[in-house]
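Here is what each chain is made of, one letter per residue.
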Amino acid sequence: MSLLDQLNPQQREAVETTDGPLLILAGAGSGKTRVITYRVAYLAEYRGVPAENILAVTFTNKAAEEMRSRVQGLIRLPGLARPWVSTFHSFCVRVLRRDGPRIGLPRDFSIYDEDDQLRVVKSCLRQLGLVEKELQARAVLSRISHAKNHGRSPETFYLHASDPMMERVAVVYEEYAKALRQAHAVDFDDLLLEAVRLLREDAEVALQYNQRYPYILVDEYQDTNRTQYELVRLLTQTQQNLCAVGDEDQSIYSWRGADLRNIVEFEKDYPQARIIRLEQNYRSTPSILDAASAVVANNRYRKGKTLWTARQSGQKVGYYEGPDGENESLFVADWIARRRRQDPDEKIAILYRTNAQSRLYEEALRRYGLKYHVVGGVSFYERAEVKDLLAYLKAARNLQDSVSLLRCINSPPRGIGTTTVRKLEEMALEANRSFWDIMGQAIEQKLLPPRSLQALQPFRELMEELRAMPAESGASEILKTVMERTRYLESLEEEGTPEAFGRIENIQELLNAAADSHERGETLIQFLDHAALVSDADSYDENALISLMTLHSAKGLEFPVVFLVGMEEGLLPHSRSLMNAEALEEERRLCYVGMTRAQDALILTRAVSRRHYASAMAETSRASRFLSEIPASLLQDLSKRPADRGERHYEYEPSEPALSKVEGPEETAEQEDSVENVRRFFGLPAGRSEPVKTKRKPQTGFPAGSRVRHPKFGYGTVLRREGAGDDTKLTVNFHGVGLKKLVEKYADLERV
DNA sequence: AATGACAGGCTTTTT
DNA sequence: GCCTGTCATT
Ligand SMILES: Nc1ncnc2c1ncn2[C@@H]1O[C@H](COP(=O)(O)OP(=O)(O)OP(=O)(O)O)[C@@H](O)[C@H]1O
């Protein structure tokens with residue numbers, strides 16, 4: 001079947017309209033991404049456009065990944081040429097690495113992530129003698145970012161400051177900008193802004209990129225901010241074969257500057273523009289689609305659009321209400337475990353509003369022995385030990401990068417403390433030089449106490465050695481040198497704690513990533529850029545069929561089964577949005593996005609009682625208003641509640657017993673609590689069977705939950721323990737290996 | 001300078 | 001409840 005036959009008439013028209021500006025406006029699941037990907041394939045295969053002349057961009061990594069894999073599935077490209085499919089940010093990095101020097105950007109600039117940015121802001125606050133209590137670094141940073149994205153310089157910001165507080169923010173902003181310049185560093189905002197500046201100021205470069213990418217496609221156009229819009233404008237000066245697709249009902253990034261004007265004024269900015277609407281949804285069953293449409297219809301600031309599906313009516317949208325968060329998560333895990341038996345290959349997503357909500361679900365899934373994959377959250381590259389080592393690499397490439405330098409200067413501890421660092425920082429500020437320069441000067445002219453100098457000297461030598469390593473040596477080679485010289489692993493091993501071993505694992509993972517990168521022929525800088533931009537968590541368990549992620553990350557994806565959990569006032573809609581009508585509408589769109597990810601089954605859940613920061617007393621929640629916006633006829637209540645069952649509040653029976661975690665003597669109070677909840681959940685009288693087991697020789701063997709090491713499989717966690725005596729069998733989840741069932745007696749396990 | 005105990009605040013959401 | 005930042009102790 002040919003490419004075009006797999007499209008409906010409107011989609012087909014959108015794909016064939018290759019020349020001139022085109023805006024596609026359409027609801028969820030109507031094939032917007034399909035149009036983008038087919039269009040790329042069509043251009044390459046039918047119109048003979050060289051793949052490298054096609055640029056497809058979007059905002060999030062996940063959405064870019066989705067696009068990339070779908071394009072790849074569609075075209076069989078000869079040779080190495082590939083269309084450039086990425087996020088705006090990666091695109092800009094590539095542009096700036098190549099042509100940044102033309103606007104005075106150092107070629108080896110560092111990219112500062114939020115953590116780095118905060119360090120800079122804090123240091124500026126300190127230098128200005130401002131107390132963080134009054135001016136929170138995070139708040140200042142968000143003001144700075146907002147100002148930058150609205151084209152305000154520190155000076156303009158200062159002039160517009162309405163109160164003394166804002167004036168101070170303006171001063172911090174100025175210092176912040178100066179610090180970044182001095183560190184040869186750019187933040188995420190700068191990546192876009194500097195790329196725009198480059199294209200604006202250098203006509204020659206602008207022309208080059210215009211010619212290089214005569215075909216540009218933008219997915220999730222409703223998420224673009226003004227800077228990204230500007231970038232697209234600058235790339236479409238000589239030709240306007242621009243295809244933007246979007247859905248105003250899925251605009252969920254206004255809090256970081258996404259601006260619907262980009263969509264609304266598209267026709268104004270591109271007078272030749274054609275607009276095509278897609279109205280058939282191919283993804284979801286009618287119940288799911290109707291429910292989602294009913295919710296979003298409550299938004300007032302919206303034009304409204306048609307969306308229908310030819311799919312047969314499926315199951316109703318499920319609704320489960322549990323007594324507390326734990327029960328809610330166990331319901332989900334149990335439901336999944338049962339479903340798994342019928343269809344072991346089905347993809348399932350658990351979606352939530354905030355990253356913090358993932359914990360309960362991870363725990364529940366682990367208990368059921370289900371493999372899962374968490375997207376986002378504390379990403380791999382954000383872990384302290386990983387960032388420490390990356391800091392060595394960043395500093396090795398760019399010694400002006402003081403944040404990275406300061407990050408690795410005393411990790412592992414080498415006798416350079418805050419006093420020494422503060423002193424040097426002061427000197428640097430005074431001389432208006434970088435930390436590295438001042439450090440060298442201090443050593444040479446003996447400007448510090450001998451003890452400090454003695455500690456600084458070896459550090460300086462190490463960094464010089466790293467810098468001297470050839471630019472094309474890969475990340476892994478340099479990392480190895482760092483590890484050897486600093487005895488990083490050894491000192492962690494000596495620590496001997498489970499946390500330390502966890503860190504060792506992460507470092508091993510980093511070494512693997514670096515080695516892979518080297519094999520692909522990437523330079524150190526490319527490796528670092530990837531680490532900075534693709535803050536993608538646990539890329540290792542990607543084949544797990546159960547995905548946990550925020551509603552934001554889920555946009556653009558689809559799953560046969562979707563759980564939308566925590567459907568409560570305060571969570572969805574989030575409490576921070578209750579004050580203002582526009583924010584509330586955005587929450588509603590978020591709900592819409594989540595619901596429309598589902599293909600065949602959608603289940604909404606909530607907990608009646610929710611602990612907000614856990615320790616605090618549990619509060620009774622109110623059901624999300626979005627639930628009541630779904631017509632009752634589309635909902636099916638999954639929480640049957642017979643009133644006369646005494647203790648047993650919920651009739652729902654587990655299909656397999658949750659794995660007991662009460663055996664080891666080292667259980668924490670929190671886990672005891674969980675067990676108590678499980679028991680209540682299953683309607684068992686409090687504390688009956690398990691405590692008996694607790695008494696049974698807990699010292700021998702490895703209770704569920706203990707961390708172990710196996711000579712062949714490495715480190716892992718015991719999930720389940722069955723049988724007794726010589727026959728005792730353990731189910732262990734080994735990192736990077738997966739589940740293994742072992743006879744305890746022969747397994748040769750070591751406690752860690 | 002390094003370590004450990006304690007207080008306080010924190011959670012939107014992404015690059 | 002957990003992480004971070006601060007303080008006191010060695
Ligand atoms: N003409 C078609 N024939 C068959 N399947 C289609 C067609 N158009 C779209 N689909 C399928 O419908 C699903 C949704 O399409 P797609 O992801 O492109 O929609 P979308 O508009 O980008 O959705 P969203 O905005 O919700 O992310 C995909 O599985 C896609 O393959």
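Up top is the structure these notes are about.
Residues numbered from 1 in each chain as written. Chains lettered and ligands numbered in written order. Predicted model: local features only at pLDDT ≥ 70, side-chain atom pairs only at ≥ 80, totals over all residues. Heavy atoms only, no water.

Observations concerning the overall build of chain A
Thought 1: Looking only at helices and strands, chain A has 30 helices and 23 strands in total.
Thought 2: Classification of the 752 residues of chain A by burial places 56% in the buried group.
Thought 3: Put simply, of all contacts in chain A between residues at least 6 apart along the chain, 75% involve residues at least 24 apart.
Thought 4: Split by element, the accessible area of chain A, about 34,300 Å² in all, is 49% carbon and sulfur. (Helix = DSSP H or I, 4+ residues; strand = E, 2+ residues; numbered from the N terminus. Buried < 20%, exposed > 50% of the residue type's maximum accessible area, 1.4 Å probe, protein only. Contact = heavy atoms within 4.5 Å. Areas by Shrake-Rupley, 256 points an atom, 1.4 Å probe, with all protein chains shown as cover.)

Details of the pairing of strand β6 (residues 215–218)
Walk down a regular strand and you will see the side chains alternate between the two sheet faces.
Thought 1: Going residue by residue along β6, you find Y215 and L217 tucked away on one face and I216 and V218 tucked away on the opposite face as well.
Thought 2: Here β6 runs beside strand β7 (residues 241–246); their pairing, made up of four bridges, is parallel. Bridging from a neighbouring strand, I216 pairs with L242 of β7.
Thought 3: In this view, the connection linking β6 to its parallel neighbour β7 by way of helix α11 (residues 226–235) has right-handed handedness. (Pairing = 2+ DSSP bridges. Right-handed = clockwise from strand over helix to strand, strands pointing away.)

Some words on the packing of aromatic side chains
Thought 1: Taken as a whole and assessed by the stated rule, the structure comprises 10 aromatic pairs.
Thought 2: Pairing F91 with Y213 gives two aromatic rings, centres 5.8 Å apart and planes at 70°, and the pair type is edge-to-face. Placement of the pair is F91 in helix α4 (residues 88–99) and Y213 in the loop between α10 (203–212) and β6, with a sequence separation of 122 residues.
Thought 3: For F91, a relative accessible area of 3% gives the class buried.
Thought 4: Residues Y221 and F266 carry aromatic rings whose centres are separated by 6.0 Å and whose planes lie at 90° to one another, so their mutual orientation is edge-to-face. (Phe/Tyr/Trp six-rings, centres within 6.5 Å; stacked < 30°, edge-to-face > 60°.)

Re the site of the ligand
Thought 1: Around the ligand, a shell composed of 19 residues is seen, among which K32, T33, R34, E558 and R597 lie nearest.
Thought 2: Here R34 contributes a side-chain N or O atom positioned 2.7 Å from an oxygen atom of the ligand.
Thought 3: Between the ligand and the protein, one listed contact pairs an oxygen atom with a side-chain N or O atom of E558 at 2.5 Å.
Thought 4: Notes on the ligand: free accessible area 630 Å², of which the protein chains cover 86%. (Near = heavy atom within 4 Å. Polar contact = N/O pair within 3.5 Å; in protein donor to acceptor, adjacent residues only side chain to side chain.)

Thoughts on helix α22 (residues 475–486)
Thought 1: Over its 12 residues, α22 extends 16 Å from the first C-alpha to the last, a length consistent with the 16 Å expected when each residue adds 1.5 Å.
Thought 2: Within the sequence span of α22, burial applies to A475, S476, I478, L479, T481, V482, M483 and T486.
Thought 3: R487 occupies a position one or two residues after α22 and carries a positive phi of about 50°. (Expected span 1.5 Å × (residues − 1).)

A few points about the sheet that holds strand β3 (residues 84–87)
Thought 1: Ordered by their spatial adjacency, six strands build an open sheet running β3-β2-β6-β7-β1-β8, and the pairing between neighbours is parallel. The open sheet has two edge strands, β3 and β8 (274–278), and neither has a second partner. Taken over all neighbouring pairs, the strand axes of this sheet differ in orientation by 15° on average, direction set aside.
Thought 2: Pairing of strand β1 (residues 22–26) with β7 involves four bridges; the strand directions are parallel. (Axes fitted to C-alpha atoms, helices over the stretch in contact; angles between N-to-C directions.)

Brief notes about the environment of D19
Thought 1: Within the secondary structure, D19 sits in the loop between α1 (9–16) and β1.
Thought 2: Taking the C-alpha atoms as reference points, D19 and Y215, 196 residues apart in sequence, are found 8.5 Å from one another.
Thought 3: Leave out the neighbours within four places in its chain, and D19 touches Y215 and N241.
Thought 4: Polar side-chain contacts of D19 include one of 3.3 Å to the side chain of T18.

Topic: the protein's contact with DNA strand B
Thought 1: Around DNA strand B, the surrounding shell holds 30 residues, and the nearest of these are N61, R353, N355, T419 and R576.
Thought 2: Taking all atoms of DNA strand B within 4 Å of the protein, the share assigned to sugar and phosphate is 57%.
Thought 3: Taking W255, its side chain carries an N or O atom lying 3.4 Å from a base oxygen of DNA strand B.
Thought 4: Between T419 and DNA strand B, the recorded distance is 2.6 Å, taken from a side-chain N or O atom to a phosphate oxygen.

With respect to unusual backbone geometry
Thought 1: Cis geometry marks the peptide bond from L572 to P573; its omega dihedral reads 0°.
Thought 2: Position of P573 relative to the elements: it lies in the loop between β15 (559–564) and α27 (581–595).
Thought 3: In this model, N432 sits at a positive phi of 60°, which is unusual for a non-glycine residue.
Thought 4: By the secondary structure assignment, N432 is in the loop between α19 (418–431) and α20 (435–444).
Thought 5: Exposure remark for N432: the relative accessible area of 47% places this residue in the partly exposed category.
Thought 6: Unlike most non-glycine residues, K446 shows phi in positive territory, near 50°.
Thought 7: Its location among the elements puts K446 in the loop between α20 and α21 (450–468).

As for the pattern of salt bridges
Thought 1: All chains considered together, the criterion is met by 50 salt bridges.
Thought 2: A salt bridge links E114 to R138, with the nearest nitrogen and oxygen atoms 2.9 Å apart. Residue E114 is located in helix α5 (residues 114–127), and its partner R138 is located in helix α6 (residues 137–149); the two are separated by 24 residues in the primary sequence.
Thought 3: One salt bridge in this structure joins R610 and E568, with 2.6 Å as the shortest N-O distance. Of this pair, R610 sits in strand β16 (residues 598–610) while E568 is found in the loop between β15 and α27, placing the two residues 42 residues apart along the sequence. Across the pair, exposure class does not vary: R610 and E568 are buried alike. (Salt bridge = Lys/Arg side-chain N within 4 Å of Asp/Glu carboxyl O.)

Considerations on empty space enclosed by the protein
Thought 1: Applying the stated criterion across every chain, the model contains two cavities of 30 Å³ or more.
Thought 2: Computed from the structure, the second largest cavity encloses a volume of approximately 40 Å³.
Thought 3: Considering the residues around the second largest cavity, the lining is formed by E326, S329, L330, L360, E363, A364 and R367.
Thought 4: Secondary structure elements with two or more residues in the lining of the second largest cavity: α15 (325–342) and α16 (358–367).
Thought 5: A total of four residues in the lining of the second largest cavity trace back to one element, the largest contributor, which is α16.
Thought 6: Within the lining of the second largest cavity, the residues separate by chemical class into three nonpolar, one polar and three charged. (1 Å grid on protein atoms, 1.4 Å probe; cavity = no way out; pocket = protein on both sides within 12 Å on 5 of 7 lines; lining within 4 Å. Points joined across faces, edges and corners; volume = space filled by probe spheres on them. Nonpolar A, V, L, I, M, F, W, Y, C, P; charged D, E, K, R; others polar.)

Some words on the packing of α5 against helix α8 (residues 164–182)
Thought 1: Relative to each other, α5 and α8 sit at 120°, their axes nearing to 9 Å. Between α5 and α8, the angle falls in the class oblique. Between α5 and α8 lies a crossing whose hand is right-handed. Residue-level contacts link Q117, V120, V121, C124, L125 and Q127 of α5 to V172, E175, Y176, A179 and L180 of α8. (Parallel < 35°, antiparallel > 145°, perpendicular 65-115°, else oblique. Left-handed = near helix turned anticlockwise from the far one by under 90°.)

With respect to the environment of L199
Thought 1: For L199, the position within the fold is in helix α9 (residues 188–201).
Thought 2: Counting along the chain gives 281 residues from L199 to K480, while the straight-line C-alpha distance between them is 39 Å.
Thought 3: Beyond its immediate chain neighbours, meaning those up to four positions away, L199 contacts V205, A206, Y209, L231, L234 and L235.

What to know about α19
Thought 1: Here α19 spans 20 Å end to end across 14 residues, near enough to the 20 Å set by a 1.5 Å rise per residue.
Thought 2: Where α19 is buried, its residues contact α5, α18 (402–408), α20 and α21.
Thought 3: Where α19 ends, the next residue or the one after it, N432, has phi of about 60°, a positive value.

In short, the description is geometric, and any link to function would need to be established separately.
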